[in-house]
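Below, each chain spelled out in residue letters.
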Amino acid sequence: MIKPLHRQWESFSKVMKDLMQKIVSLAKRRGFISPSSEIYGGFGSCYDFGPLGVEMKNNIKRTWWKEMTRLQENIIGLDAAILMSPKVWQASGHLTAGFADELVECKSCHKRFRLDEIKNKCPECKGELTKPRKFNLMMKTFVGPVEDEASTTYLRAETCQGIYTNFANVLNSMRLKIPFGIAQIGKAFRNEITPGNFIYRTREFEQMEMQWFCQPKEAPKYFEFWKKERMKWYVNLGIKKENLRIREASKSELPHYARSAIDIEYKFPFGWKEIEGIHNRGDWDLSNHSKYSGQDLKYFDEGTKKKYFPYIIETSAGADRSFLTFLIDSYQEVKGGRTKTTEAKKETEVLLKLDKDLAPIKVAILPLVKNKAQLAKKAKEVYQLLKPHFTCQYDELGSIGRRYRRQDEVGTILCLTCDFQTLEDDTLTIRNRDTMRQERVKIKDLVKVIKEKLNTQ
Ligand code: GAP
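How each quantity is defined
Residues numbered from 1 in each chain as written. Predicted model: local features only at pLDDT ≥ 70, side-chain atom pairs only at ≥ 80, totals over all residues. Heavy atoms only, no water. Pairing = 2+ DSSP bridges. Helix = DSSP H or I, 4+ residues; strand = E, 2+ residues; numbered from the N terminus. Axes fitted to C-alpha atoms, helices over the stretch in contact; angles between N-to-C directions. Contact = heavy atoms within 4.5 Å. Phe/Tyr/Trp six-rings, centres within 6.5 Å; stacked < 30°, edge-to-face > 60°. Buried < 20%, exposed > 50% of the residue type's maximum accessible area, 1.4 Å probe, protein only. Lys NZ or Arg CZ within 6 Å of the ring centre and 35° of its normal. Near = heavy atom within 4 Å. Polar contact = N/O pair within 3.5 Å; in protein donor to acceptor, adjacent residues only side chain to side chain. Areas by Shrake-Rupley, 256 points an atom, 1.4 Å probe, with all protein chains shown as cover. Disulfide = S-S within 2.5 Å. Core = buried A, V, L, I, M, F, W, Y, C linked by side-chain atoms within 4.5 Å.

Participant: I keep staring at the sheet that holds strand S19 (residues 363-367) and nothing clicks. Help me out?
Facilitator: Strand pairing in a sheet is mediated by backbone hydrogen bonds. Such pairs are either parallel or antiparallel. Reading across the sheet, the five strands line up as S20-S19-S21-S22-S23 and stay open at both edges, with mixed pairing between neighbours. With one partner strand each, in any of the chains shown, strand S20 (392-394) and strand S23 (438-442) form the two edges of the open sheet. Taken over all neighbouring pairs, the strand axes of this sheet differ in orientation by 25° on average, direction set aside. Set on the sheet, helix H12 (residues 400-409) makes contact with S19, S20, strand S21 (414-418), strand S22 (427-432) and S23; between it and S19 the angle comes to about 170°. Packing against the sheet, helix H14 (residues 446-454) makes contact with S19, S21, S22 and S23, and its axis sits at approximately 155° to S21.

Written out as structure tokens, the structure reads:
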């Protein structure tokens, strides 16, 4: 069962708690995100992305993919299977203590807690606690009809392992030279002990990872390079600079595979938290996979005629955490209303100032009034005209002011209104979400004009 929201956010300040409640409520009400299996009371801190959520998440992934493959000189993509040989997870170190949380169990209610999060009594029933034990985060499953040790494998806990096992395939099929990168987006699973803060920490999530293979001596240079590039990505998509920072991991915080690591952190309402990790993984992965698989995963340098294990600089972002970051950072409330209509003056209007590449709906098409059949017909024709080019929504319910507000609340970039003049001269108004300025445009020019405004091809 999902913890009630008031329990999840007990420790936050009131304002921040309110903000999170508003974001969660908006996400649910407007079809962005809802708990998985909600009709059964939710399940295991997993979430579903609704009609607007899936559009926005796809936009985030598409933007990342474009940035990390198409716009780069030397990075190609991959889509590896989620289920892999269990040997992969032995080689990677995920089945050993490196990928485990220290847990204590309450002797009376048998609930488990992370050692770093509690004092010396059970926070639920004040019962006595056991000594700490390591609890592995890998999600176990079985492949084939027999559920025994031999058929046991794991849902991947990070997407990058599929990149390492494909290193030689990609190198040979694409005839690449070092330095180069391999990018991948996909689901990852962790049996998190303390999931929470909405979609911040879940048990099923999506990662957007890029592994950069380079000469060992060049690893520090590329570590710095990718740190800057990745920070720029968030800023270019509208995240406020003051809400981002870089935190260096101390020696004791380093993941088991990393020589050095930083987190890109965002100032969430529940504190500064990691949204992306940049890691210098050295030759940990390729050398271990060589050892465990018996395959030679060294790179042959044509120039020096020497073989070596390339070092890996990894950029590892979460699609879900980015989603939450974009949602929170773009959320604005305008007291007294931005539309200045009489009804709006009494309300607080919500504006989701999402970047135009991320907004789930680009264009809303609205007939000025519903009960004028010719207007609705014309607006539907415009909707059909634009649908193949942009993510559009047709809306005829409620007053025009209310409909603008509904679109602002989900970050729609442009609102097109068919009014009585449309029926005379085939023009309509385009309202810009941010400036709220309206201009008249000929319907025949719409596709071109909107493409220019959205800066898409
Ligand atoms: N391959 C390296 C790696 O997986 P990580 O720091 O464990 O590194 C990278 O994870 C990113 O994946 C995090 O910064 C976060 O965005 C996302 N992530 C990790 N665990 C998550 C969880 N339980 N829920 C949501 N996102 C998660």
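Participant: Can you walk me through the sheet that holds strand S3 (residues 75-77) in this structure?
Facilitator: Spatially, S3-S9-S10-S16-S13-S12-S11 is the arrangement adopted by the seven strands of the open sheet, whose pairing is mixed. At either margin of the open sheet sits one strand with a lone partner, and together these are S3 and strand S11 (244-248). Going from strand to strand, the sheet's axes swing by 25° on average, the running direction of each strand aside. The strands touched by helix H9 (residues 319-330) within the sheet are strand S10 (204-214), strand S12 (260-268), strand S13 (271-282) and strand S16 (311-318), with S12 carrying the most contacts at an inclination of about 35°.

Participant: Is there a simple way to think about the environment of Tyr331 in this case?
Facilitator: Following the sequence through the fold, Tyr331 ends up in strand S17 (residues 331-335). As for Tyr331 and Leu354, which are separated by 23 residues in sequence, their C-alpha atoms are 8.3 Å apart. Those residues within four positions of Tyr331 in sequence are excluded, and the remaining contacts are Leu19, Lys22, Ile23, Leu26, Val350, Leu351 and Leu352.

Participant: Explain the packing of aromatic side chains to me, please; I cannot follow it from the model alone.
Facilitator: Describing an aromatic ring pair means giving the distance of the ring centres and the angle of the ring planes. For the structure on display, the rule yields 17 aromatic pairs. Note on Tyr299 and Tyr308: the rings are 5.7 Å apart at their centroids and 70° apart in plane angle, and the pair reads as edge-to-face. By relative accessible area, which is 15% here, Tyr308 ends up buried. Note that Arg321 overlies the ring of Tyr200, its terminal NZ or CZ placed 3.8 Å from the centroid. Sitting above the plane of the Tyr404 ring, Arg431 keeps its charged end 4.4 Å from the centroid.

Participant: Whenever I open this one, the side chain of Asn288 confuses me. Can you help?
Facilitator: You can see Asn288 is positioned in helix H8 (residues 284-293). Relative accessible area serves as the criterion here: at 10%, Asn288 is assigned to the buried category. Apart from residues no more than four positions distant in its own chain, Asn288 is found in contact with Ala91 and Asp283.

Participant: Whenever I open this one, the site of the ligand confuses me. Can you help?
Facilitator: Close to the ligand lie 22 residues, the nearest being Glu158, Thr202, Glu209, Glu274 and Glu314. Here Thr202 contributes a backbone N or O atom positioned 2.8 Å from a nitrogen atom of the ligand. One of the side-chain N or O atoms of Gln207 is found 2.9 Å from an oxygen atom in the ligand. Burial of the ligand by the surrounding chains reaches 94%, relative to a free accessible area of 560 Å². Within the residue set of the shell around the ligand, elements represented by two or more residues are S10, S13 and S16.

Participant: Looking at this structure, I do not really get the state of the cysteines. What am I missing?
Facilitator: One way to say it: the disulfide is the covalent bond shared by the sulfur atoms of two cysteines. Following the criterion strictly, the structure yields zero disulfides and no others. Not part of a disulfide, Cys160 finds its nearest cysteine sulfur in Cys214, a span of 15 Å.

Participant: Help me understand the nonpolar core in this model?
Facilitator: Soluble globular proteins tend to pack their nonpolar side chains together in the buried interior. Judged by nonpolar contacts, the single largest core of 81 residues is most densely connected at Leu324, Phe326, Ile365, Leu386, Leu416 and Leu446. A per-element tally of this core places helix H7 (residues 219-236) first, with seven residues. Setting aside chain neighbours within four positions, we find Ile365 in contact with Ala379, Val382, Tyr383, Leu386, Cys392, Gln393, Tyr394, Asp395 and Leu416. Grouped together as the second largest cluster of nonpolar side chains are 19 residues, Leu176, Ile178, Phe309 and Ile312 included.

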